[in-house]
Amino acid sequence: MIVAALFLAAALAWGVLDHPLSLAVALIAAGAFLLMALLGVLWLRQTTAQTAVLRAVVEAVPEALAVAGADGRVVATNGAFAALAKAVDGAGVDGGRVVDILARRCRADTDAQRLEALQEAAHRGEGGEAPVVFVDDAPSALSTGGPTGAMVRLVPFLVAARPLAVAKRPGLVEWRVRGGGAQTTAGGHPWRELWDLAPLGVLLVDGAGALLRVNLTLADWLGLDRDLLEDGSRHLRDLLATPPQGELFPERLAGMAEVDLAAARAAPLRASVLHVAVSPGGTLIFLGDLTRETAREEELRRAEQRFQRFFQFAPTGFAFVDGEFRLAECNPTFLTMADLRLGDVQGEPIASLFQQEHRANLMARLADVLEGRSQAGTPVEARLRGAQGPVVHVYSRRFDGDGDGDRGLILHLVDMTAQKNLEAQFVQSQKMQAIGQLAGGVAHDFNNLLTAMIGFCDLLLLRHKPGDQSFSDIMQIKQNANRAANLVRQLLAFSRQQTLQPRVLSITDVLAELSNLLRRLIGENIELRMLHGRDTGLVRVDQGQLEQVIINLAVNARDAMPKGGRLTIVTGNLHTTEPIRHETEEMPPGDWVVVEVIDTGIGIPPENLQRIFEPFFSTKEVGSGTGLGLSTVYGIVRQTGGFVFVESKPGEGAKFSIHLPRLDEKALAQAAPAEEAKDKGAADLTGIGTVLLVEDEDAVRVFGARALRNKGYTVLEARSGEEALDLLQGARGGEVDLIVSDVVMPQMDGPTLIEQVRRFRPDVKVIFISGYAEDRFRHSLKDGAVVDFLPKPFSLKQLAAKVKDVMEGPPRPGQEPANPR
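Worth saying up front: this structure is predicted, and the values here are computed from it rather than measured.

Describing the overall build of the chain
On a plain count of helices and strands, the chain comes out with 26 helices and 29 strands. For the chain, buried positions account for 40% of its 821 residues. Relative to all contacts within the chain whose residues are 6 or more apart in sequence, the contacts with residues 24 or more apart total 57%. With the model as given, the accessible surface of the chain reaches about 44,900 Å², and the carbon-plus-sulfur share is 55%.

Observations concerning the pattern of salt bridges
In the structure shown here, the tally under the stated rule is 23 salt bridges. The residue Arg176 makes a salt bridge to Glu174 at a minimum N-O spacing of 3.3 Å. What makes Arg176 partly exposed here is its relative accessible area of 27%. Among the ionic pairs, Glu258 bridges to Arg270, the shortest N-O distance being 2.9 Å. One end of the pair, Glu258, is in strand E8 (residues 258-261); the other, Arg270, is in strand E9 (residues 269-279), and twelve residues separate them in sequence.

Quick notes on the nonpolar core
Across soluble globular proteins, you tend to see nonpolar side chains buried next to one another. One finds Leu567, Phe656 and Ile658 to be the most contacted residues of the largest nonpolar core, which totals 37 residues. Setting aside residues up to four positions removed in sequence, Ile658 forms contacts with Val549, Ile550, Leu553, Val593, Val594, Val595, Val637, Phe643 and Val644. Within the second largest apolar cluster, 27 residues are counted, among which are Ala319, Val380, Leu384 and Val394.

Looking at the packing of aromatic side chains
Between two aromatic rings, the relevant description is the distance of the centres plus the angle of the planes. The final tally for this structure, using the stated rule, is four aromatic pairs. Ring geometry for Trp592 versus Phe643: centroids 5.8 Å apart, planes at 75°, classification edge-to-face. A residue pair is termed long-range when its members are at least 10 positions apart, and Trp592 in strand E22 (residues 590-599) and Phe643 in strand E23 (residues 643-648) qualify at 51 residues. In this structure Trp592 comes out as buried when scored by relative accessible area, which is 6%.

Points about the sheet that holds strand E24 (residues 654-661)
A sheet is described by the order of its strands in space; here five strands give the open sequence E17-E19-E22-E24-E23, paired in mixed fashion. Edge positions in the sheet fall to strand E17 (526-531) and E23, since each of these pairs with one other strand and no more. Across this sheet, the average inter-strand angle for adjacent strands is 20°, counted without regard to direction. Here E22 runs beside E24; their pairing, made up of eight bridges, is antiparallel.

Details of the side chain of Thr568
Mapped onto the elements, Thr568 comes out in strand E19 (residues 565-576). You can call Thr568 buried: its relative accessible area is 10%.

Quick notes on the sheet that holds strand E25 (residues 690-694)
Strand order in the open sheet formed by five strands is E26-E25-E27-E28-E29, and the pairing between neighbours is parallel. Lying at the two open borders of the sheet, with one neighbouring strand each, are strand E26 (714-718) and strand E29 (788-791). Direction aside, the axes of adjacent strands within the sheet are offset by 20° on average. Bridge count between E25 and strand E27 (residues 738-742): four bridges; the pairing is parallel. Among the inter-strand pairings, Leu692 is bridged to a residue of E27, identified as Ile739. Across the sheet, helix H22 (residues 698-710) touches E25 and E26, and the angle it forms with E26 is around 170°.

What about helix H24 (residues 750-760)?
All of the buried residues along H24 are Gly750, Pro751, Leu753, Ile754, Val757 and Arg758. One side of H24 carries all its buried residues, which in axial view fall inside an arc of 155°.

A closer look at the packing of H22 against helix H26 (residues 796-808)
The contact between H22 and H26 brings their axes to 10 Å, and the two run at 65°. Handedness of the crossing formed by H22 with H26: right-handed. Between H22, through Phe703, Gly704, Ala707 and Leu708, and H26, the contact on the second element is made entirely by Leu796, Leu799 and Val803. Considered class by class, the residues forming the contact of H22 with H26 number six nonpolar, one polar and no charged.

Comments concerning helix H5 (residues 109-123)
The terminal C-alpha atoms of H5, which comprises 15 residues, lie 22 Å apart, in line with the 21 Å expected from a rise of 1.5 Å per residue. The complete set of buried residues in H5 reads Asp111, Ala112, Leu115, Leu118, Gln119, Ala121 and Ala122. Of the residues one or two after H5, Gly125 is the one with positive phi, at around 85°.

Re the environment of Ala699
Along the polypeptide, Ala699 turns up in helix H22. Ala699 gets classed as partly exposed once you look at its relative accessible area, which sits at 33%. Linking Ala699 and Thr451, residues 248 residues apart in sequence, is a C-alpha distance of 8.5 Å. If near-sequence neighbours (up to four positions away) are discounted, Ala699 is found in contact with Ala452 and Phe456.

Remarks on the confidence of the model for the chain
Of the residues in the chain, 75% have a pLDDT of 70 or more, and the chain-wide mean is 77. Considering only residues more than four positions removed or in separate chains, one finds that residues 622-627, a stretch of pLDDT under 50, has six contacts. Note that residues 678-682 has pLDDT below 50 and, in this model, one contact with residues that lie over four places away or in other chains.

About the thresholds
- Residues numbered from 1 in each chain as written.
- Predicted model: local features only at pLDDT ≥ 70, side-chain atom pairs only at ≥ 80, totals over all residues.
- Heavy atoms only, no water.
- Helix = DSSP H or I, 4+ residues; strand = E, 2+ residues; numbered from the N terminus.
- Buried < 20%, exposed > 50% of the residue type's maximum accessible area, 1.4 Å probe, protein only.
- Contact = heavy atoms within 4.5 Å.
- Areas by Shrake-Rupley, 256 points an atom, 1.4 Å probe, with all protein chains shown as cover.
- Salt bridge = Lys/Arg side-chain N within 4 Å of Asp/Glu carboxyl O.
- Core = buried A, V, L, I, M, F, W, Y, C linked by side-chain atoms within 4.5 Å.
- Phe/Tyr/Trp six-rings, centres within 6.5 Å; stacked < 30°, edge-to-face > 60°.
- Pairing = 2+ DSSP bridges.
- Axes fitted to C-alpha atoms, helices over the stretch in contact; angles between N-to-C directions.
- Arc of directions from axis to C-beta.
- Left-handed = near helix turned anticlockwise from the far one by under 90°.
- Nonpolar A, V, L, I, M, F, W, Y, C, P; charged D, E, K, R; others polar.
- Expected span 1.5 Å × (residues − 1).
- pLDDT = per-residue confidence, 0-100.

Given below as structure tokens:
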């Protein structure tokens with residue numbers, strides 16, 4: 001028609017130009033135009049009729065149809081799909097994605113995921129179908145909203161998607177939605193919609209057990225298509241993961257409480273048989289999904305187990321107390337603290353579990369927390385009943401019941417016994433330290449007096465020889481002074497401030513020499529046994545102090561066996577790679593020489609075991625002991641680098657174990673020459689040289705100066721450090737070969753004096769004298785400073801021997817040789 005119209009226009013234009021043939025051409029063109037127009041009208045009427053027929057056919061299909069493009073958006077739909085889409089939110093379908101339109105009506109996300117999977121399959125050229133459940137908000141007078149309300153109804157549908165092969169429109173997808181209430185009712189099962197929506201698994205079987213119908217819920221549990229289950233070839237046995245032996249009739253299933261369904265998944269599905277209904281049309285079986293219920297029960301069981309573990313194995317005691325302050329429940333830790341059984345205390349007043357003197361304060365606190373007068377968080381200290389009841393901190397918190405008036409308290413008990421013991425030991429150690437400092441100070445002053453006493457006795461003995469009537473009197477004074485010196489050494493021993501003169505010794509040899517003395521000390525009614533270990537190692541100890549330790553322990557053992565018994569001394573070696581802990585002390589790993597002193601006496605009560613090493617603690621009658629014996633033992637052993645442990649039970653005797661560090665062969669080889677050199681004493685104590693004696697105690701200074709002058713030395717005296725410094729810087733300072741100085745002096749002490757002297761006289765030799773231990777001043781000397789030491793009290797012979805040894809000896813390591821004068 002377009003071509004004819006153009007031809008006619010050209011002919012008319014030509015006629016206007018007055019061409020001779022213009023009229024004929026115009027008539028021909030007009031006729032062609034009319035013919036073509038008639039043909040076009042006939043073709044259009046035929047095409048419109050065919051389209052109307054096709055539209056009528058599509059609209060007559062009961063299924064909802066839609067065609068989507070490659071992007072998933074709607075290209076064409078029928079009225080059923082438009083109505084389905086409008087029921088969602090009242091909107092049309094123009095421009096929307098088919099999947100989104102249908103997903104808005106889905107019951108759950110799993111249905112929407114099925115739709116997405118269908119679209120992907122169609123785009124791959126595969127297609128498929130899937131059951132989904134839509135939500136229908138149809139008006140109903142039965143809804144909770146009244147006659148004008150809306151009741152939510154779930155309707156099952158089957159959605160199918162397949163690709164369309166259109167040459168000029170690639171990627172088209174046809175969507176079909178089948179089902180709904182009308183569809184299932186028309187199928188002859190008006191109840192099908194109801195049982196598809198049921199949360200239970202429902203199946204219909206015949207008398208032989210063949211499957212007739214299953215609902216969508218059960219098919220979804222099994223992960224199988226419903227049409228596959230209803231194809232007539234499936235049996236009830238096929239649904240069970242472990243079917244019973246023999247014929248499986250539906251009636252047999254009624255006798256089973258639970259079954260395992262053979263789901264198309266890794267693990268079988270646990271289900272409960274809720275009901276079996278037999279009718280002429282078949283047997284209906286209703287199943288419940290136990291998966292979620294089992295999961296909840298398992299989670300509850302695990303939560304209960306976790307709570308039980310926290311409750312049972314907690315290191316603190318837990319107790320539940322009712323409103324009447326009676327014990328309702330407690331954990332094993334609480335029972336262990338109280339040393340009781342649950343049956344003995346359950347239902348008893350909580351106050352009865354504590355000692356009488358702590359009950360009033362505790363119950364007042366619990367009453368305040370229960371009534372809300374006090375906030376929880378502050379503990380109450382109390383002691384559980386029993387002689388050895390632990391000290392606990394009681395934390396309380398109120399809990400209310402479920403509105404029925406039931407309330408009570410939750411108690412947390414923390415055992416504070418160990419901490420209290422540590423606090424008591426710390427306080428005791430502070431007391432011990434104070435006593436030790438006091439004893440050390442007293443001993444220092446007393447040693448000055450004893451030095452003068454013993455020294456002047458020695459000077460008198462130079463003039464009064466044996467046979468002189470004054471000789472015995474002088475000896476009595478000296479012997480009593482020596483006894484006083486031993487008592488001072490005991491005071492310094494327990495405070496670990498005495499001066500030791502260690503030597504390499506064999507424990508076996510020391511005990512062999514001491515055995516005769518021990519037998520006389522313990523008496524004839526006590527048997528002495530000595531058991532020496534093989535190859536017992538060597539130790540470096542002060543022999544006199546070690547003998548005092550053994551004697552003190554033997555005397556204590558004798559006093560513990562008034563009716564006789566047996567005293568056993570055992571020696572041996574001990575090698576340990578792990579620390580050994582005993583009470584509050586820990587012995588490090590290593591090699592040790594062990595001396596065990598074991599008696600068969602009355603034993604030591606437990607309450608005294610932790611106090612036996614305290615100074616002045618004694619279980620003997622007043623006047624029978626000083627209480628320094630075991631404290632002296634402890635001080636000597638610890639200052640030597642060892643440990644002393646005690647084990648005892650009343651009526652079973654006691655065992656004291658002394659552990660001393662064992663020397664190795666290399667240390668012994670290096671120590672042997674030095675020990676031998678020290679053992680060589682000089683018979684001649686006279687000498688020559690100039691000695692500067694610095695001592696603030698006049699009696700000690702006078703004795704020392706006279707003693708050294710008698711031995712041939714030139715002695716310069718100084719009452720203080722300042723006076724000695726002035727003298728050394730004076731005219732005669734260069735003559736001094738040796739300085740003998742007290743350590744503790746007013747204003748300038750001995751170490752400070754020597755530090756300043758070494759600046760201009762680095763060659764001078766030094767001997768310190770003091771009533772304190774050598775360790776008290778060593779830390780104040782500079783690194784490399786070399787001095788000798790003589791502890792107070794000392795005798796004339798000891799002073800002279802020490803001065804000659806230092807004067808004639810070679811320069812000490814780190815000391816420059818003397819400058820020649």
